[in-house]
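Results of the structural survey
So you can see what is in the structure, the chains are spelled out below.
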Amino acid sequence: MSRHPRSIPYRDLAELQQLYTWFFDLPDDRMKAISLVKAYTTRGHVPYGIECTAILVSSILLDSASAAQENTIAIRLAYSSSIIRFVNGFLDPHQTTQFAMPLHALALKIGMPTMFVELRHACTHESLPRLDVLRHAATQAVEWLRCRYWKPELERLGDAQKCAPARIVECIENLINMFGTDESDEDSDDTDDDPTLDVTRPDFEAAKYKANDSSANGRAYWRILKLLAQLSEQDLEAFSTAGVDIIFSHGIRKDVTSLRSLKLFSPLLQYIASAVTDALLKRCLEEVVKSYKTNEQYYFPVLEPSTSDESASIIYLGRDKSEDPALSHSRNWIRHILSHASSGPATTADAKEKNIRGFSMSYMSFVTLCLRLSPPTPTLLDFLILAKKHLSSRLNDPIHDLVDTYANQVGILYNKVANGNLKKTKRRGKDADELSRTIENIERKAEKIVQYEKKRKLATTSTLKPGDKVVESWTLLDGAWSSRPIGVL
Amino acid sequence: MKRSRPQASAKAFISAFAAKKVKKTPENVPIDVGNPLATATPTPPRTQNPEGRLVGSKTAIATKHVETEVVTETVTETVIQKGEDEYEIQYASASDSDYEILISDSEEERPPNLIAKVSDVIDLDESVQVSTFAPTGENLLETDSVSLFCFSRGQRLVIKGQYSVRVIKGSISICSAKLTESTEFHKVFAPSTHAIPTIFADGQGKDIPNDRVRNELMEMIPFEFTPAVHGFLQFDVIIVIKSLYTGIENLEKICQNLKNVWTSPDDGQNTRSYEVLYRVPQPPPVFVTPEEGWETRLRIISQRIRDFTTGPDVMKSRSEEFRPRILICGPKSAGKSTFARLLTNSLITSAGLAPDEIPNRSTVELVYMELDPGQPEFGPSGVLSLNVIDSPMLGPSLTNATLSNSLKSFHFGYTTPRDAPQDYIRYVDKLMSHYNNDLHRFTDDNARQIELPLIVNTPGWTKGQGVEVLRQMIGITKPSIIVYIGPRLVQPDMDTNFELAEVLRTTSPNASLSELAPFGDSGRKSAKYPAADLRVAQTMAYFHSTGRQTWDFCKPLTAWRPYIVRYSNGGDADVHGIEILGYEKILEQHIAAAINGTVVGISAVSADAALKIRSASTGDSSLPILDTSTIDADADAVNCLGLGIIRAIDQDTKTLHILTPISPQTIFHAVSSSNKIILSRGRLPLPIWAAWDGDQSGVARRPWREVPYLSVDEIIGADVRAAVGGQSLRFRRNVMRRSQHVRT
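Worth saying up front: this structure is predicted, and the values here are computed from it rather than measured.

1. Quick notes on the overall build of chain A
Across its full length, chain A holds 19 helices and four strands. Looking at chain A as a whole, 43% of its 489 residues are labelled buried. Sequence separation of at least 24 residues holds for 73% of the intrachain contacts in chain A that already meet a minimum separation of 6. Accessible surface computed for chain A: about 26,300 Å², of which carbon and sulfur atoms make up 54%.

2. Considering the overall build of chain B
For chain B, the count of helices and strands is 18 helices and 33 strands. For chain B, restricting intrachain contacts to residue pairs at least 6 apart in sequence, the fraction spanning at least 24 positions comes to 73%. By element, 48% of the accessible surface of chain B is carried by carbon and sulfur atoms, the whole surface being about 32,300 Å².

3. Notes on the packing of helix α4 (residues 72–91) of chain A against helix α6 (residues 114–125) of chain A
All names here are of chain A. Interaxial distance between α4 and α6 falls to 9 Å at its minimum, and their mutual angle equals 125°. Taken together, the axis directions place α4 and α6 in an arrangement best described as oblique. Along this stretch, α4 crosses α6, giving a crossing that reads as left-handed. Mapping the contact onto sequence places Ser-80, Ile-83, Ile-84, Phe-86, Val-87, Asn-88 and Leu-91 in α4 and Phe-116, Val-117, Leu-119, Arg-120, Cys-123 and Thr-124 in α6. Looking at the contact of α4 with α6, its residues break down into nine nonpolar, three polar and one charged.

4. Focus on the interface of chain A and chain B
Listed as interface residues are 56 residues of chain A and, on the opposing side, 82 residues of chain B. Of the roughly 6,500 Å² buried between chain A and chain B, counting both surfaces, carbon and sulfur atoms make up 60%. At the boundary of chain A and chain B, one finds zero salt bridges. Run the count over chain A and chain B and you get 22 residue pairs in polar contact (both at pLDDT 80 or more). When contributions to the side of chain A that touches chain B are tallied by element, the ones reaching two or more residues are β1 (6–7), α2 (30–41), α7 (131–161), α10 (216–234) and β4 (475–476) of chain A. As paired elements, β4(A) and strand β27 (residues 563–566) of chain B share two bridges and run antiparallel to each other. Each bridged residue has a counterpart across the sheet, and for A:Thr475 the counterpart in β27(B) is B:Ile564.

5. Remarks on the nonpolar core
Judged by nonpolar contacts, the single largest core of 72 residues is most densely connected at A:Trp474, B:Leu623, B:Leu656 and B:Leu679. Per element, the largest residue contribution to this core is seven residues, and it comes from helix α13 (residues 531–543) of chain B. Setting aside residues no more than four positions away along its own chain, B:Leu656 makes contact with B:Tyr563, B:Ile564, B:Val565, B:Tyr567, B:Ile578, B:Leu623, B:Ile646, B:Ala648, B:Ile649 and B:Leu679.

6. Notes on a negative patch on the surface
All names here are of chain A. Taken together, the side chains of Glu-155, Asp-159, Glu-170 and Glu-173 make up a negatively charged region of the molecular surface. Looking at the negative patch, the elements that each hand over two or more residues are α7 and α8 (164–179). Summarising the element assignment, Glu-173 is placed in helix α8. Exposure remark for Glu-173: the relative accessible area of 30% places this residue in the partly exposed category.

7. Topic: helix α12 (residues 258–271) of chain A
Residues and elements named next belong to chain A. Taking 1.5 Å of rise per residue, 14 residues should cover 20 Å, and α12 covers 20 Å from first to last C-alpha, within 8% of that figure. The largest bend along α12 measures about 35° and falls at Phe-265, with the proline Pro-267 one to four residues further on. Most of α12 sits out of view: 13 of its 14 residues are buried.

8. Considering the confidence of the model for chain A
All names here are of chain A. On average, residues of chain A score 70 in pLDDT, and 56% of them reach the 70 mark or higher. Considering only residues more than four positions removed or in separate chains, one finds that residues 416–425, a stretch of pLDDT under 50, has nine contacts. Here residues 460–465 scores under 50 on pLDDT; set against residues more than four positions off or in separate chains, the count is one contact.

9. Thoughts on the environment of B:Ser545
All names here are of chain B. For Ser-545, the location among the structural elements is in strand β25 (residues 545–547). Ser-545 gets classed as buried once you look at its relative accessible area, which sits at 4%. Residues Ser-545 and Ser-663, spaced 118 residues apart in sequence, show a C-alpha to C-alpha distance of 9.6 Å. Beyond its immediate stretch of four places on either side in the chain, Ser-545 contacts Thr-402, Thr-550, Trp-551 and Pro-661.

10. Section: the confidence of the model for chain B
Residue and element names in this part refer to chain B. On average, residues of chain B score 73 in pLDDT, and 69% of them are at 70 or above. The model gives residues 1–124 a pLDDT under 50, and that stretch makes 183 contacts with residues more than four places away or in other chains. Scoring the predicted complex yields pTM 0.70 and, for the interface, ipTM 0.76.

11. Description of the sheet that holds strand β22 (residues 454–457) of chain B
All names here are of chain B. Taken in spatial order, the seven strands make up an open sheet running β19-β18-β17-β22-β16-β23-β24, and their pairing is mixed. Among the strands making up the open sheet, the edge pair consists of β19 (406–411) and β24 (512–516). If you compare each strand with its neighbour and ignore which way they point, the axes differ by 15° on average. In this structure, strand β16 (residues 325–329) lies alongside β22, joined through four bridges in parallel fashion. Bridge assignment links Arg-325 to a residue of β22, and that residue is Leu-454. Docked against the sheet, helix α10 (residues 421–438) engages β16, β17 (366–370), β18 (383–389), β19 and β22, running at close to 20° with respect to β18.

12. Some details on the packing of aromatic side chains
Counted according to the given criterion, the structure contains 26 aromatic pairs over all chains. Measuring from centroid to centroid gives 5.3 Å for B:Tyr542 and B:Phe543, while their planes differ by 70°, and the two rings are edge-to-face. For B:Tyr542, a relative accessible area of 2% translates into the label buried. The buried category is assigned to B:Phe543, whose relative accessible area is 2%. One cation-aromatic arrangement involves A:Arg43 over B:Tyr709; the distance from NZ or CZ to the ring centre is 3.9 Å. Between the NZ or CZ atom of B:Lys242 and the centre of the ring of B:Phe185, over which it lies, the distance is 4.4 Å.

13. Some words on the pattern of salt bridges
All names here are of chain B. Within the structure shown, the criterion is met by 14 salt bridges over all chains. Two residues, Asp-236 and Arg-153, come together in a salt bridge whose shortest N-O distance is 4.0 Å. Of the two residues, Asp-236 is situated in the loop between α5 (229–232) and β12 (237–243) and Arg-153 in the loop between β6 (146–151) and β7 (156–169); the sequence distance between them amounts to 83 residues. Since its relative accessible area comes to 29%, Asp-236 is described here as partly exposed. Between Glu-515 and Arg-505 there is a salt bridge, and its shortest N-O distance comes to 3.3 Å.

14. A look at the pairing of strand β28 (residues 577–580) of chain B
Residues and elements named next belong to chain B. Burial along β28 is two-sided: the face carrying Gly-577 and Glu-579 and the face carrying Ile-578 and Ile-580 are both buried. Across four bridges, β28 lies against strand β32 (residues 675–681) in parallel orientation. Counted as the bridge partner of Glu-579 is Ser-680 from β32.

15. Overview of the sheet that holds β32(B)
Across the sheet, which stays open at both edges, the seven strands sit in the order β4(A)-β27(B)-β31(B)-β30(B)-β29(B)-β32(B)-β28(B) with mixed pairing between neighbours. Every interior strand has two partners, whereas the edge strands, β4 of chain A together with β28 of chain B, have only one. Strand contacts of α13(B): β29 (599–606), β30 (638–650) and β31 (655–659) of chain B, with the helix running at about 85° to β30(B), the strand carrying the most contacts. Sheet strands in contact with helix α16 (residues 664–672) of chain B are β27, β29, β30 and β32 of chain B, and its direction is about 120° off that of β32(B).

16. Some remarks on the environment of A:Ala138
All names here are of chain A. If you trace the backbone, Ala-138 turns up in helix α7. Residue classification places Ala-138 among the buried positions, given a relative accessible area of 0%. Spatially, the C-alpha atom of Ala-138 lies 10.0 Å from that of Ile-55, the residues being 83 residues apart in sequence. Discounting residues that sit within four places of it in the chain, Ala-138 has contacts with Leu-56, Ile-60, Tyr-79 and Ile-83.

17. So, a positive patch on the surface
A cluster of basic side chains, namely B:Lys332, B:Arg418, B:Lys463 and B:Arg535, defines a positive patch on the protein surface. The topology assignment puts B:Lys463 in the loop between β22 and α11 (465–477).

18. A word on the side chain of B:Ser302
Residues and elements named next belong to chain B. Its place among the elements puts Ser-302 in helix α7 (residues 292–310). A relative accessible area of 3% places Ser-302 in the buried class. In terms of polar contacts, Ser-302 uses its side chain to reach the backbone carbonyl oxygen of Arg-299, at 3.3 Å. Discounting residues that sit within four places of it in the chain, Ser-302 has contacts with Ser-346 and Leu-347.

Each value, and the rule that gives it
- Residues numbered from 1 in each chain as written.
- Chains lettered and ligands numbered in written order.
- Predicted model: local features only at pLDDT ≥ 70, side-chain atom pairs only at ≥ 80, totals over all residues.
- Heavy atoms only, no water.
- Helix = DSSP H or I, 4+ residues; strand = E, 2+ residues; numbered from the N terminus.
- Buried < 20%, exposed > 50% of the residue type's maximum accessible area, 1.4 Å probe, protein only.
- Contact = heavy atoms within 4.5 Å.
- Areas by Shrake-Rupley, 256 points an atom, 1.4 Å probe, with all protein chains shown as cover.
- Axes fitted to C-alpha atoms, helices over the stretch in contact; angles between N-to-C directions.
- Parallel < 35°, antiparallel > 145°, perpendicular 65-115°, else oblique.
- Left-handed = near helix turned anticlockwise from the far one by under 90°.
- Nonpolar A, V, L, I, M, F, W, Y, C, P; charged D, E, K, R; others polar.
- Buried area = accessible area lost by both parts, 1.4 Å probe.
- Salt bridge = Lys/Arg side-chain N within 4 Å of Asp/Glu carboxyl O.
- Polar contact = N/O pair within 3.5 Å; in protein donor to acceptor, adjacent residues only side chain to side chain.
- Pairing = 2+ DSSP bridges.
- Core = buried A, V, L, I, M, F, W, Y, C linked by side-chain atoms within 4.5 Å.
- Patch = residues over 30% accessible without salt bridge, like charges linked within 9 Å, V, L, I, M, F, W, Y side chains within 5 Å.
- Lys, Arg positive; Asp, Glu negative; His and termini not counted.
- Charge placed at Lys NZ, Arg CZ, Asp CG, Glu CD.
- Expected span 1.5 Å × (residues − 1).
- Bend = angle between axes of the 7 residues up to and from the residue.
- pLDDT = per-residue confidence, 0-100.
- Phe/Tyr/Trp six-rings, centres within 6.5 Å; stacked < 30°, edge-to-face > 60°.
- Lys NZ or Arg CZ within 6 Å of the ring centre and 35° of its normal.

Spelled out as structure tokens, the structure:
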């Protein structure tokens with residue numbers, strides 16, 4: 001999956017489109033286009049399509065000048081060498097075998113009319129063809145380039161740059177359509193309703209398609225997965241919003257059970273960067289918080305901080321059948337992810353190799369997620385305890401204590417159902433105070449350094465005496481500077 | 001020893017390495033056993049099994065097969081090894097010491113047996129021994145800060161990485177540079193991208209009294225090991241190796257395809273910047289050990305040069321029209337640069353004569369003219385330069401990438417002379433005239449001028465027009481010695497070299513022509529990295545330089561602050577003009593598209609010459625493009641300061657943002673001597689690592705669609721040559737027709 005980017009002579013797609021317009025839509029601007037292509041050639045390698053178009057068009061323009069009437073040999077030579085370069089340029093890269101393959105065969109392979117190959121042969125080895133033959137061929141060649149190179153290229157690059165979320169959604173839809181409607185999941189549906197059962201049954205563990213599955217389905221599955229992984233690498237943000245939306249909403253559809261949705265997307269999430277899993281978790285947690293706010297009826301969990309080895313599922317005492325499907329789906333997701341998470345920093349590459357089924361998720365990040373959503377609801381604390389059970393390895397982690405205290409606080413407070421948030425915010429306030437104090441310290445230090453630098457600079461420049469000629473030399477950029485790509489101001 | 005089972009012979013090898021002949025009594029040992037610390041070598045804290053391991057060595061040979069019987073109370077311990085041969089190691093340990101002492105027997109019994117046994121196991125062991133230096137308790141001292149090696153005459157040692165070496169007693173030669181006793185530390189760079197230099201212990205040096213050596217040693221090593229000094233004094237050659245951190249060890253952060261070039265990855269505890277190689281897995285990397293033919297030739301040539309410059313009959317040799325100029329030519333990758341380096345080193349270090357012992361000279365210097373724009377030994381690629389060398393060259397070309405040695409350089413702008421042969425010859429001419437006019441030294445009595453020896457390195461273009469170019473170069477430089485390195489000039493079947501042979505023999509009839517076989521001709525040559533990768537590494541080493549042989553690879557170039565350079569046509573422009581080589585009329589509005597994000601050469605032009613080079617552009621707001629090129633100016637009016645990258649063009653404030661490693665002092669010095677700065681754009685490619693930091697999702701945390709001039713999408717019809725190495729589809733010159741094949 002590691003690819004090197006290629007250097008291209010044009011700045012971006014817009015410039016290429018401008019070039020197209022100059023070449024084909026506005027015949028008067030063809031000289032501008034040629035000048036730009038000349039500028040490109042000084043940069044490095046120019047794609048053949050662009051270069052050949054420029055060469056052919058410049059021969060055509062040479063032809064239309066008034067002096068063309070007399071200097072026909074030069075014009076014919078110009079045309080013929082542009083045809084030769086055009087044919088060679090497109091066919092040479094395909095000449096990969098040890099012995100030369102006939103050019104006609106190569107032309108068939110890429111879809112170039114063999115008329116050009118024949119003409120090239122004539123130009124090289126036989127007598128120079130007539131001017132009108134060459135003229136006609138050149139215009140045909142430009143037209144061929146337009147249809148077979150420019151248009152598809154612009155379209156392809158345009159697609160690539162298209163709104164990334166659309167592509168992601170499209171891709172996930174594909175996945176759903178191809179693999180979502182699998183009959184073998186039907187039998188497990190009715191057991192989904194029993195809340196006391198652990199959703200995470202052992203047979204869920206087995207991946208539907210192993211990594212090296214060579215059946216047609218398996219290959220297609222993994223191809224889509226790899227494509228999604230690439231898309232996520234390229235535009236993580238878009239994936240985390242649009243992609244996660246569609247993954248989540250798939251489980252709430254009428255015809256799809258939550259379990260099936262989990263089964264479908266769980267390998268995908270394990271394969272992709274963990275930021276997506278985080279985003280999904282965040283979404284689910286938000287969902288839970290939302291429901292808590294709107295739903296008065298809530299089964300209060302049995303919460304005892306000391307018994308940290310409770311099984312996860314018993315925390316939920318019953319579930320109303322009329323409960324919001326979104327809420328239950330979220331809960332399922334959270335439980336599933338937490339119980340399958342491995343807190344080791346396994347990279348996706350490692351996981352692929354050893355076929356480890358696990359979400360890379362750290363306790364800290366989950367706790368941070370939970371605490372960010374305010375107010376921390378009892379449900380969240382359940383999840384925290386669940387996370388503690390599955391994720392963390394050291395029992396005397398300070399966060400543990402924090403979570404426990406929180407749990408205590410909230411439990412007690414919610415028993416009273418009054419002034420619930422008071423002590424919490426106090427504790428939070430205390431932490432927040434410390435935090436802000438350290439930030440202030442750092443700022444003060446930075447300020448001191450900046451002033452010191454200023455003084456130093458002044459000290460060196462002030463050693464100039466009045467008679468000195470101030471020579472202005474190159475200076476480094478002043479002011480704020482951040483890392484940015486070459487070419488960007 | 002006949003071939004035997006691998007395991008047994010491995011054991012035999014290990015035993016040969018570790019053990020010595022049986023010694024019954026400790027009295028024969030020339031070390032005072034009563035003072036057990038006399039030959040103490042420290043057990044490094046990382047040794048897991050002190051008894052079984054060789055003390056103090058980093059060899060990969062773990063003496064796991066050796067079983068020990070440790071009797072702590074007695075002085076003598078024996079080590080019995082299971083295997084075909086039985087050897088014993090004698091220990092002498094004091095009960096109150098933390099150290100273990102490994103006593104070896106006297107020297108004359110050691111080397112021949114060792115090598116004889118070792119050579120028998122090379123094939124079976126699947127690894128090759130490359131150092132004949134065998135670490136024992138007595139000849140090696142390794143601490144965290146220094147390593148002390150004691151050689152006997154004729155041993156050799158290979159160290160990979162970067163280090164500083166100082167000779168305390170005797171003399172060694174690295175890359176044909178003879179280093180003798182001195183207080184000076186020489187920096188050596190030995191990455192695995194190029195041939196790794198071998199340290200040869202020659203042994204011939206000035207006689208230094210033992211007391212002085214002892215004092216030096218006492219100063220160098222930590223206090224607790226000073227009793228061991230007595231043991232070191234018996235050896236002929238003693239050197240000290242120190243770690244060196246110049247910043248180039250982080251090269252792999254930027255050039256991500258050159259991993260583990262400086263040190264190996266698995267030494268997590270390794271605090272040193274170098275690694276001693278005793279054995280390497282097959283196929284072995286290439287080492288700089290001059291072969292037979294080269295050795296002789298080097299000696300003859302350097303003798304002749306030395307005679308010319310320092311001998312008593314200087315007048316006589318001058319009358320014979322002998323000029324100390326050597327031209328090295330041959331096809332690419334034959335070893336021209338290596339030969340040039342070896343020759344330079346052997347001339348600089350002048351057979352061990354101290355500078356004050358060489359008559360008629362104050363310093364040992366020579367001039368190196370670098371005419372290979374593709375892979376130059378000095379400077380970045382694309383620049384032709386004249387360099388003065390006064391210290392041995394102990395590192396590959398990428399450690400000499402800055403123009404700090406250069407007296408005069410020109411920005412040629414192409415990586416091969418094939419792209420502009422006529423301009424190339426003009427630059428060669430200019431450099432030569434600078435040498436002729438400005439680079440002479442006077443004898444002590446100011447009587448005569450003596451020419452500094454000149455070594456000319458040529459590009460590897462020996463076919464077609466290259467032969468003609470070579471002929472012109474020979475005519476301009478008029479060398480007295482021509483060295484050709486490559487396949488034999490006249491072969492029965494191949495007549496492609498006929499032109500070359502003719503040119504070399506007849507152009508300069510007074511010159512002596514030597515033909516040498518290419519380097520590494522014995523078939524062991526394995527170029528681990530393609531030449532394109534090395535060129536890219538050299539350019540990156542240039543741009544990340546922070547001084548002479550120091551680098552900063554911690555940040556990618558996209559994070560470096562650029563210089564702000566004003567270009568307006570008014571009076572206070574920081575840059576006088578921009579030229580584009582091979583300039584065809586490009587519309588003004590497209591000039592920015594041509595130079596934005598490219599590598600340009602930065603040259604200083606004298607004010608008079610700058611007046612003659614006019615700007616072609618109209619209007620104040622446009623980039624000042626020159627229409628007459630700098631090549632037409634006089635040779636002494638132009639000097640190239642280095643290369644830069646135009647990072648961005650700000651049309652509003654009329655400034656260019658330029659990244660360059662040229663020090664501000666150099667630019668200031670150029671500008672204050674009323675010179676004008678000119679940028680010239682040739683065709684030097686921008687390496688991918690300058691524009692991309694290896695992040696898959698974009699550059700500098702921006703997604704790909706916001707990054708100009710780079711694309712991750714597949715582009716039809718683009719050259720699929722990957723930016724760095726990899727599978728490439730080149731323009732092929734070797735496609736055959738079937739009819740051709742049948743003939744042979």
